[in-house]
Every structure is written in C-alpha cells, then in structure tokens.
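# Structure at a glance
Listed below, chain by chain, are the residues.
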Amino acid sequence: MKKIGEILSEEIRSIAIAGHINPDGDCIGSCTALYGYLKKACPAAREIDLYLETVPHELRFLKGVDEAKSSVPENKVYDLVIVCDVSSYERIAVAIPLFDLAKKTVSIDHHISNANFAEINHVEPDASSCAEVLTGLFDPDLIDEKIAESLYTGIINDSGVFQYQNTSPDTMRKAAFLMEKGIDFSRIIEDSFNKKTFAQNRVLGYVLMKAELAFGGQCIVSSLTTEEMDRCGVTRQDLDGIVSRMRFTEGVEVAVFAYETDENVFKLSLRSKERVNVSDVAAHFGGGGHVRAAGCTIAGSAGEVLDKMADVLKGYLSL
Ligand code: AMP
Ligand code: MN
Ligand code: MN
C-alpha cells in the first residue's frame, strides 16, 4: 500500500478503527489520527467508529478520544475494520468480534513480530511507530493540526522523544512535517511523555531500589506484585516508562521488568541496548514486539517468572 486511499472505495459505508489491549501513546495517537483523517478522506462512509479499551489520563487531550467506545456492539458488521499498532490477532482484544465479522480487514503496524493476521497487512518494521507509518500513508494536505497532534504523540511515545534506536532520518522528517502543521510540540512532549504523577515517580523509585543485576551486570531485573502496586497507590497504567529507565543503567544490555496482572501471572517488559533481539526472546513465551522493546506474559510467582526469563536470556548473552 502506498496511500491509505487504496483501501477506500465508494462501497465502504461503515468503518471501525481499533487498537491493542492496554493501549499506549502510539496506539491511541494512531487510532485517533486515523479516525480524524478518515472523516475527511472518506465522505462516503456514513459511520466511522473508534474503539479503544482505555485511555490514560495524559492522552485524553487528543481529538477523538472523547468519542471512543470501550465496548463493542454484538453482531455488528462493518464494511471495513482497520487495526493500528496491533502485532497479533489476540492483541485486538475487545474488538475481536468486530474484526471477525468485518467484510474487509486491514492491519497497519510496525512490529517485527507482526503475524499478518488481517486480509491486508501493511507492516513497516523499520518505522519508529505506527503513527510514523500512518503519516506516510496519509495525503499531506488532509493532515490538519489535530491529526498532526495525534501523529506526533504516537511518534514521540514509541521513539522516546527520538532517542531510541528505532528513530531514523525519516522519523525526523515526518516529525518536522507535523511541526509545520502548527502543533505545540513541547507541550505534547511535556504532557504525554515527561509528566508523571507523584505516585508514578514513587513507584519508579521503588522498582529501581528493588532492581538487581544479573549475568555479570549485563541484565537488570525487577518486579512488582499487585500487593506492592496497591501499597504504592498505582495501577498497571502507571508503570509505563519504568523499564526504559532501568535500561539506562551503565553496562546493562537487557532490562526486564515484571508486574503482576492476575494472581501469579506477570507481564514482562523487555528492553535492550545494542545486541539482544528481545522480540525473539519474548517469542519463547508467546509474546513479541520489536528488536529493542518487547513483551510477554508468564505464569508463576515473581521469582519464578524472572527465573524462567533468565533461563532463556542466558542463551542471548555473552557469558
Ligand atoms: P511494553 O513492554 O508493554 O511497552 O511493550 C513493548 C513492545 O512490545 C510494544 O511495542 C508492544 O506492542 C509489544 N508487546 C508487549 N507485549 C506483547 C505481547 N504479549 N505480545 C506481542 N507483543 C507485545
Ligand atoms: Mn503499542
Ligand atoms: Mn507502536
């Protein structure tokens, strides 16, 4: 696909847009951008709906978020369902019934582990973010300031404000183009990326205090149980960015952060600096993601899941 117009036609009267489970800045930025864009680019579509599971407080400023639905109607058949930033079928989560019944399905993504589960799969694994991919697929003239805000939010959230290795000259060119649409980029960075609540900063400190080094300092690991989250007054939505901070540790190649999502079930977030393909590591446990940022879910106590991860990781490190 060169432009999004290729998948649109006169026959498409109803469109649903959806993201992934526990949506992040890229997912929500991409979905709201596409929502705003299709309203302009596809006047034949009488019905355009946006589905997002939850929207964290810091992303509620994005245009379209207020209209997003968090549950799906039963037996609803859309002419077109587009999923953004979703690496696998299961991760469509709440919108799976819509995807199953849709007349046509499209996935727009940037995960190297993408399973090509839709009818049309547009995946650019070298792009920093799904929002970067969408910026290239949109007609530049139809991108207004609000759409640009959403796209920019997606790009900075997945690229760590242009600092992670997924940032390319193309990322910067697209961001520059979006800046020219008049967005208040420093406010977006401050509000959607830098700003943390007191509780979020405290839990970051707590996780860093608990962290340990492994494999001669090549790995940093830490964990958080539900009970500890309760004590810190946070939920899983407050934990974004912690694993990236762990990775800043000198000498570390891989950072692993496990947090409990159900009793004795942990979500593990993985980040690497230069050598280890963590998407590959996560795939050992049915997860995936990107070369430098990936995730998976493992059952067991905090100690057990970190041990299971260490068993796989040691094959990827120089010992
Ligand atoms: P996270 O650690 O949750 O910030 O995720 C890092 C990257 O890995 C994101 O791009 C996620 O979309 C992806 N990811 C996280 N968990 C999974 C999973 N269980 N399966 C596939 N991809 C995942
Ligand atoms: Mn995402
Ligand atoms: Mn993404």
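Please read these numbers as outputs of a predicted model, since none were measured by experiment.

Definitions and limits used
- Residues numbered from 1 in each chain as written.
- Chains lettered and ligands numbered in written order.
- Predicted model: local features only at pLDDT ≥ 70, side-chain atom pairs only at ≥ 80, totals over all residues.
- Heavy atoms only, no water.
- Buried < 20%, exposed > 50% of the residue type's maximum accessible area, 1.4 Å probe, protein only.
- Helix = DSSP H or I, 4+ residues; strand = E, 2+ residues; numbered from the N terminus.
- Pairing = 2+ DSSP bridges.
- Right-handed = clockwise from strand over helix to strand, strands pointing away.
- Donors = N, O, S within 2.8 Å, 3.2 Å for Na, K, Ca; no water.
- Axes fitted to C-alpha atoms, helices over the stretch in contact; angles between N-to-C directions.
- Parallel < 35°, antiparallel > 145°, perpendicular 65-115°, else oblique.
- Contact = heavy atoms within 4.5 Å.
- Nonpolar A, V, L, I, M, F, W, Y, C, P; charged D, E, K, R; others polar.
- Near = heavy atom within 4 Å.
- Polar contact = N/O pair within 3.5 Å; in protein donor to acceptor, adjacent residues only side chain to side chain.
- Areas by Shrake-Rupley, 256 points an atom, 1.4 Å probe, with all protein chains shown as cover.

### Let's talk about the pairing of strand β2 (residues 47-51)
Of all the five residues making up β2, four are buried; the element is thus mostly covered by neighbouring parts of the structure. The pairing of strand β1 (residues 14-18) with β2 spans five bridges and is parallel. Looking at the pairing, A18 lines up with Y51 of β2. Running through helix α1 (residues 25-41), the crossover from β1 to the neighbouring parallel element β2 is right-handed.

### Examining the coordination of the manganese ion (ligand 3)
Taken together, the protein ligands of the manganese ion (ligand 3) are D26 (OD), D85 (OD), H110 (NE2) and D158 (OD), with distances of 2.2 Å. Site description for the manganese ion (ligand 3): donor spacing in sequence, D-x58-D-x24-H-x47-D. The metal-metal distance between the manganese ion (ligand 3) and the manganese ion (ligand 2) comes to 3.6 Å, with D85 coordinating both. Within this pair, whereas H110 is found in the loop between β4 (105-109) and β5 (120-123), its partner D158 is found in helix α4 (residues 145-159), the two being separated by 48 residues in sequence. As far as the burial class goes, H110 and D158 line up, both buried.

### Considerations on the coordination of the manganese ion (ligand 2)
Each protein donor to the manganese ion (ligand 2) is listed here as H20 (NE2), D24 (OD), D24 (OD) and D85 (OD); together their distances run 2.1 to 2.7 Å. Each donor residue of the manganese ion (ligand 2) lies on one chain, and together they are spaced H-x3-D-x60-D.

### Here's the deal with the packing of helix α3 (residues 130-137) against α4
Contact geometry for α3 and α4: axes closest at 7 Å, N-to-C directions at 140°. Regarding the angle of α3 to α4, the classification is oblique. Two secondary-structure elements touch here, α3 through A131, E132, L134 and T135 and α4 through L151, G154 and I155. Within the contact of α3 with α4, the residues separate by chemical class into four nonpolar, two polar and one charged.

### Notes on the site of ligand 1
Around ligand 1, 14 residues are found, and the nearest of them are H111, K267, S269, R271 and H290. Interatomic distance of 2.5 Å between a side-chain N/O atom of K267 and an oxygen atom of ligand 1. Taking R271, its side chain carries an N or O atom lying 2.8 Å from an oxygen atom of ligand 1. If ligand 1 stood free it would expose 480 Å²; the protein chains cover 84% of that surface.

### Observations regarding the sheet that holds β4
Taken in spatial order, the five strands make up an open sheet running β2-β1-β3-β4-β5, and their pairing is parallel. Each edge of the sheet is formed by a strand with only one pairing partner; in this case those strands are β2 and β5. Across the sheet, the axes of successive neighbouring strands diverge by a mean angle of 15°, strand direction being ignored. Strands in contact with α1 are β1, β2 and β3 (80-84); relative to β2, the strand with the most contacts, it is inclined by about 170°. Along the sheet face, α3 touches β3, β4 and β5 and points at about 115° away from the line of β4.

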